[in-house]
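# Observations on the three-dimensional arrangement
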Amino acid sequence: SVMLQEKLRQDLNSIYFSGQTLNLEEQMNINLSLLKLHENENFDEVNFWGKIRGVYKDYYIAQTLNFKGHLEFPHIRFFWCTAQTWLFAELPNFSAGDEQYISRFNNAFSGEHDRVLIEAPPLLPVDTDSLASADNQVA
């Protein structure tokens, strides 16, 4: 765990060279949150990926790597958190069908993770009478 702490410290210090900086509070909270993520999930590697600035709130992104059981490439997962909780949660995976929804957005990132952007289409009602008659025909 000492090696992980040193690596995290180096990762956070290297952000300075990219032109973006994190204040001391952000650095300490990210460091502690990444250590918790590593302990809870037992990843081989936990990296601070970056900060996404939003209009109202910012997101902090972590990348985790697992090499065990993966011969050629590690299994990669991404996590996010905000400064309100500093608790990393896994980002959902996207499927090919999600592209049609994502491509609609070309505006400033708000950072409001609880804001609904697109309502899911309503589920079609299930016709229980036809299901009952189909069950009777099968039996």
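Residues numbered from 1 in each chain as written. Predicted model: local features only at pLDDT ≥ 70, side-chain atom pairs only at ≥ 80, totals over all residues. Heavy atoms only, no water.

## Topic: the side chain of S33
Looking at where S33 falls in the secondary structure, it is placed in helix α2 (residues 24-41). From its side chain, S33 meets the backbone oxygen of N29 in a polar contact 2.8 Å long. If we ignore the near neighbours within four places in the chain, the residues touching S33 are W86 and F88. (Helix = DSSP H or I, 4+ residues; strand = E, 2+ residues; numbered from the N terminus. Polar contact = N/O pair within 3.5 Å; in protein donor to acceptor, adjacent residues only side chain to side chain. Contact = heavy atoms within 4.5 Å.)

## A few points about the nonpolar core
One recurring pattern in soluble globular proteins: nonpolar side chains tend to sit buried together. Ranked by internal contacts, the top residues of the largest apolar core, which has 13 residues, are I30, L34, L37, Y60 and F88. Looking at this core, the elements that each hand over two or more residues are α2, β1 (45-52), β2 (59-66) and β3 (75-81). Ranked by residue count, the leading element in this core is α2, at three residues. (Core = buried A, V, L, I, M, F, W, Y, C linked by side-chain atoms within 4.5 Å. Buried < 20%, exposed > 50% of the residue type's maximum accessible area, 1.4 Å probe, protein only.)

## Comments concerning unusual backbone geometry
For N42, which is not glycine, the phi torsion reads 55° and is therefore positive. Looking at N42, the relative accessible area reads 52%, which means it is exposed. A positive phi angle, near 55°, is found at W86, a position not held by glycine. The topology assignment puts W86 in the loop between β3 and β4 (89-90).

## Examining the sheet that holds β1
Ordered by their spatial adjacency, four strands build an open sheet running β1-β2-β3-β4, and the pairing between neighbours is antiparallel. Looking at strand neighbours, the two that pair on one side only are β1 and β4, the edges of this open sheet. The sheet contact formed by β2 and β3 spans seven bridges and is antiparallel. Bridged to L65 within β3 is I76. The strands touched by α2 within the sheet are β1, β2 and β3, with β1 carrying the most contacts at an inclination of about 140°. (Pairing = 2+ DSSP bridges. Axes fitted to C-alpha atoms, helices over the stretch in contact; angles between N-to-C directions.)

## Structural notes on the layout of surface pockets
The probe, sized like a water molecule, is rolled over the atoms to show the empty space still left. Looking at the second largest pocket, its volume works out to about 160 Å³. The wall of the second largest pocket is formed by W49, I52, I61, H75, I76, R77, F78, E90, L91, P92 and N93. Contributing elements (two or more residues each) for the lining of the second largest pocket: β1 and β3. Top element by residues in the lining of the second largest pocket is β3. It accounts for four residues. (1 Å grid on protein atoms, 1.4 Å probe; cavity = no way out; pocket = protein on both sides within 12 Å on 5 of 7 lines; lining within 4 Å. Points joined across faces, edges and corners; volume = space filled by probe spheres on them.)

## Structural notes on the pairing of β3
Alignment of β3 against β4, held across two bridges, turns out to be antiparallel. Across the sheet, residue W80 finds its bridge partner in β4, namely A89.

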